[in-house]
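Breakdown of the fold
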Amino acid sequence: MTGKINQRARHRARRALLQAIYQWQISGHSAAEIERQFATGEALRRADKAFFSTCLDAVLTGAEKLDKLYETYLDRRVDQLDHIERAVLRAGVLELRDRIEVPFKVVLDEWVSLASQFGAEDGHRYINGVLDRVAKDLRPVEVAANAVQGSTP
């Protein structure tokens, strides 16, 4: 039996993950260098470090595959996205694809919130629309079940 997830530690890990992906996109440093920088900094204090490390590695080694999962829902090319938008989409899509234990609504809420906090003024709305469509592709049963539950009185 697994222990209960500390939601605050997980949120801190997502926040650090966004920052790490952003830094990687800007700097071009290796995954090892980015992780080393974050391991010694304040960003991961009281965060879910295992979640951070697993997701960071998956995003940095699989960014092109992740981009393919959401690019059809964009109104521009992936390389024209703001760096924050791209980082949020990569991390959010990764979580939708690989972290099936996390409900899709939690994934959307968390990443849209981070997009709102760090991104352009209305960028979070754009992120919400794209992640919602990706969730329907990657988790159709869960999304459909949520829609049925939401329509009952």
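Use the structure listed above.
Calculation notes
- The residue numbering used here restarts from 1 in each chain and proceeds along that chain's sequence as written.
- Owing to the predicted nature of the model, reporting of local features is limited to residues with pLDDT of at least 70; listing and counting of side-chain atom pairs is limited to 80 or more, with chain, interface and lining totals taken over all residues.
- Heavy atoms throughout the structure, all of them, feed into the side-chain values; hydrogens and water do not.
- Here a helix means four or more residues in a row that DSSP labels H or I, a strand means two or more in a row labelled E, and each is numbered from the N terminus.
- Only C-alpha atoms enter the radius of gyration, while the globule expectation follows 2.2 Å times N to the 0.38, with N the number of residues.
- For each residue, the accessible area found with a 1.4 Å probe, counting protein chains only, is set against the maximum for its type, and the residue is called buried under 20%, exposed over 50%, and partly exposed in between.
- Here, two residues are considered to be in contact whenever any of their heavy atoms come within 4.5 Å of each other.
- By the counting scheme adopted, Arg and Lys are positive, Glu and Asp are negative, and His together with the chain ends is not counted.
- In plain terms, the charge of a residue is placed at NZ if it is Lys, CZ if Arg, CG if Asp and CD if Glu.

**A few points about the overall build of the protein**
- Helix and strand counts for the protein come out as seven helices and zero strands.
- Listing the helices and strands of the protein from first to last along the sequence gives α-α-α-α-α-α-α.
- By the compact-globule yardstick of 15 Å for 153 residues, the protein fits well, its C-alpha radius of gyration being 15 Å.
- Each principal axis of the C-alpha distribution contributes one length, and for the protein these read about 50 × 45 × 30 Å.
- Per-residue burial over the protein gives 42% buried out of 153 residues.
- Contacts in the protein between residues far apart in sequence, at least 24 positions, make up 70% of those at least 6 positions apart.
- In the protein, 23 side chains carry a positive charge and 22 a negative one; their mean positions are 4 Å apart.

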